[in-house]
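Per-entry structural report
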Amino acid sequence: MLKVEHLTKMFGGLAAVNDVSVEFGANQINAIIGPNGAGKSTFFNLISGVHQPTSGRILLEGKDVTTMRCDHVAKLGVGRTFQTTNLFETATVLDNLIVGYRLRTNSGLWDVLINSKRLQAEEKAAREKAREALDFVGLTYAENRYIADCTQEERKRVAFALALATQPKIVLLDEPAAGVNPEETEGLADLMKKMVKHGLTVCLIEHKMDMIMGIADKIMVLDHGEKIAEGTPEEVKNNPVVIEAYLGSDHDAAA
Ligand SMILES: Nc1ncnc2c1ncn2[C@@H]1O[C@H](COP(=O)(O)OP(=O)(O)OP(=O)(O)O)[C@@H](O)[C@H]1O
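Residues numbered from 1 in each chain as written. Predicted model: local features only at pLDDT ≥ 70, side-chain atom pairs only at ≥ 80, totals over all residues.

For the protein, an unreviewed UniProt entry supplies the name Amino acid/amide ABC transporter ATP-binding protein 1, HAAT family and the organism Marinobacter daqiaonensis.

1. A short note on the overall build of the protein
Stated formally: We count a stretch as a helix when DSSP gives it H or I for four or more residues in a row; a strand needs E for two or more, and each element gets its number in order from the N terminus. Counting other C-beta atoms within 10 Å of each residue's C-beta, where C-beta atoms are placed from the backbone, gives the exposure class: buried for 20 or more, exposed for 12 or fewer, partly exposed between. Contact definition: two residues whose C-beta atoms, as placed from backbone geometry, lie within 7 Å.
When helices and strands are counted, the protein shows 10 helices and 10 strands. Projecting the C-alpha coordinates of the protein onto the three principal axes gives extents of approximately 65 × 40 × 35 Å. Within the protein, the proportion of its 255 residues that are buried is 40%. Pairs at least 24 residues apart make up 66% of the contacts formed inside the protein by residues separated by at least 6 positions.

2. Looking at helix H7 (residues 182-197)
Which entries qualify depends on this criterion: In this analysis, the expected span of each helix is defined as 1.5 Å times one less than the number of residues it contains. Think of it as the arc spanned by the lines of direction from the helix axis to the C-beta atoms.
End to end, H7 covers 23 Å across 16 residues, agreeing with the expected 22 Å (1.5 Å per residue, within 8%). Buried within H7 are the following residues: Thr-185, Leu-188, Ala-189, Met-192 and Met-195. Along the axis of H7, the buried positions cluster into a sector of 110°, meaning they face one direction only. In this structure, H7 carries Glu-183, Asp-190 and Lys-197 as exposed residues pointing more than 90 degrees from its buried face. Those residues of H7 hidden inside the fold are in contact with strand E3 (29-33), helix H6 (152-163), strand E7 (170-174), strand E8 (201-205) and helix H8 (209-215).

3. As for the site of the ligand
Threshold: Only the C-beta atom matters for this test: placed from the backbone, it must lie within 6 Å of a molecule or strand for the residue to be near it.
The immediate surroundings of the ligand are formed by Phe-11, Leu-14, Ala-16, Gly-34, Asn-36, Gly-37, Ala-38, Gly-39, Lys-40, Ser-41 and Thr-42. Within the residue set of the shell around the ligand, elements represented by two or more residues are strand E2 (14-24) and helix H1 (40-47). When residues of the shell around the ligand are assigned to their parent elements, the largest contribution, three residues, is made by H1.

4. Focus on the confidence of the model for the protein
Applicable threshold: pLDDT is a per-residue confidence score from the predictor, ranging from 0 to 100.
When pLDDT is averaged along the protein, the result is 89, and 93% of the positions lie at 70 or above. Low pLDDT (under 50) marks residues 251-255, which in the prediction has eight contacts with non-local residues, meaning those over four places away or in another chain. Across the whole predicted complex the pTM is 0.87, and at the interface the ipTM reaches 0.95.

Quick look at the structure:
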């Protein structure tokens, strides 16, 4: 599904991602873990086209997307959660989603000025799709709630729903369970499993080891920009190099 070959990103003299090769299979939950500063976010930014790699290749279903801009990559099926802090606090859950879905419409200024049939049809479709996404993430009950009044978990679910707006094949989730309690974490894990059941491939960065070990099909471990291990949760858990990387850093692996 997603194949990365010898991917490197230099920031000045620092290799944030250093010669990483990995393959993530379709319809699976893939996790990226590693101590702070390991290069996880940079890796996501490279795959989603936010950053251009210094060298290496990124193949999405066999298609070379290495130098594509993020809007092109999104169109080809790479969705991504936005920081939940990017939500409009004084708008409702549904309106936040409608804005996200409206970005994918074709109407221009002229359509708005004359309130064209195309605009009306697209508005209706955006509303319907937003409601479908809300239903999918289990937030229908909160559609009229202001974001400012939402719990952290509800905000996470809104972010998930927004990531679905591009009709992705693979979704990149950056710390989807950060700041939520254990019970809510379980709910978000179930939602990721549901995404996979519906044909999506999930790739997440997460510090919560219990969650990762429980749901990931495959884990890649980064440290100082390099891939130091990959495998099933069981393989990774027992890998001495991984244990050393965590014990040797100030990162709390059990967080
Ligand atoms: N735009 C940038 N310019 C310069 N250096 C950067 C930039 N983005 C990241 N870095 C550096 O690259 C390294 C990897 O950072 P990155 O944010 O990818 O790590 P991370 O594993 O996501 O960390 P965390 O778990 O703390 O989010 C760090 O040393 C960071 O300071």
